[in-house]
Amino acid sequence: MYCPRCDACATVTPHPEIPADKKAADYGSLDVHRLRCTGCGFFKDRKVDSAVVGSPVDPYFQRPVWLQTSCCGHVLRAYNVRHLDLLEAYVGARLRERGELVPWAPMSLVERLPTWLKVVKNRTEILRTIRRLRSALPAGG
Ligand SMILES: [Zn+2]
């Protein structure tokens, strides 16, 4: 998404200082995410109880989503690289066919994907769009 300070591309990742063995209970919330700007180095932490998927703004920081482009007559959005990974895995049907979930992806996130993302005939274009978004990411972001 866009950095609140300089409008460069900022990334949102799980809070780097929460040890893997300490989760929600210890921190009083579902999770803590950190917005970090690849341009100016600005960062900010935010806790959320639920993420709204498909909204044009980041669910944690309410900033406009960086990764968005038109696809199949709709707007394809991703909040970060992991979200792109999820979309790619889902649309590529690896998840559906093997009945597996990406460990970090809540089922609710998959359930709330828009219908057009689940339509098989859109698959090729969606995967191409995801690859294009991925290649537009700043290095290391
Ligand atoms: Zn910035």
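The sections below set out a description of the structure shown in this document. (Residues numbered from 1 in each chain as written. Predicted model: local features only at pLDDT ≥ 70, side-chain atom pairs only at ≥ 80, totals over all residues. Heavy atoms only, no water.)

## Thoughts on the overall build of the protein
And then number 1: The secondary structure content of the protein amounts to 6 helices and 5 strands.
And then number 2: Scored against the burial criterion, the 141 residues of the protein give a buried share of 40%.
And then number 3: Excluding contacts between residues fewer than 6 apart, the proportion of contacts in the protein whose partners are at least 24 apart in sequence is 49%.
And then number 4: Surface summary for the protein: the accessible area is close to 8,000 Å², and the carbon and sulfur share equals 53%. (Helix = DSSP H or I, 4+ residues; strand = E, 2+ residues; numbered from the N terminus. Buried < 20%, exposed > 50% of the residue type's maximum accessible area, 1.4 Å probe, protein only. Contact = heavy atoms within 4.5 Å. Areas by Shrake-Rupley, 256 points an atom, 1.4 Å probe, with all protein chains shown as cover.)

## Digging into the nonpolar core
And then number 1: Counting 17 residues, the largest nonpolar core has L76, L84, L87, W116, L117 and I126 as the members making the most contacts within it.
And then number 2: Beyond its immediate sequence surroundings of up to four residues, L87 is in contact with L76, R77, A78, G92, L113, L117 and I130. (Core = buried A, V, L, I, M, F, W, Y, C linked by side-chain atoms within 4.5 Å.)

## Observations regarding the coordination of the zinc ion
And then number 1: Protein coordination at the zinc ion: the donors are C3 (SG), C6 (SG), C37 (SG) and C40 (SG), at 2.2 to 2.4 Å from the metal.
And then number 2: One way to put it: the 4 donor atoms around the zinc ion meet at angles of 102 to 114°, and that makes the site tetrahedral.
And then number 3: What makes C37 buried here is its relative accessible area of 3%. (Donors = N, O, S within 2.8 Å, 3.2 Å for Na, K, Ca; no water. Tetrahedral: all angles 85-135°; square planar, octahedral: opposite > 155°, others 65-115°.)

## Topic: the packing of helix 2 (residues 81-91) against helix 6 (residues 123-135)
And then number 1: Interaxial distance between helix 2 and helix 6 falls to 10 Å at its minimum, and their mutual angle equals 160°. For the element pair helix 2 / helix 6, the angle class is roughly antiparallel. Note on packing geometry: the crossing formed by helix 2 with helix 6 is left-handed. Residues V81, L84, D85, L87, E88 and V91 of helix 2 lie in contact with helix 6, whose contacting residues are R123, I126, L127, I130, R131, L133 and R134.
And then number 2: Split into classes, the residues belonging to the contact of helix 2 with helix 6 amount to 8 nonpolar, no polar and 5 charged. (Axes fitted to C-alpha atoms, helices over the stretch in contact; angles between N-to-C directions. Parallel < 35°, antiparallel > 145°, perpendicular 65-115°, else oblique. Left-handed = near helix turned anticlockwise from the far one by under 90°. Nonpolar A, V, L, I, M, F, W, Y, C, P; charged D, E, K, R; others polar.)

## Topic: the environment of G73
And then number 1: Within the secondary structure, G73 is located in the loop between strand 4 (67-71) and strand 5 (74-78).
And then number 2: Taking the relative accessible area as the measure of exposure, G73 reaches 79% and is therefore exposed.

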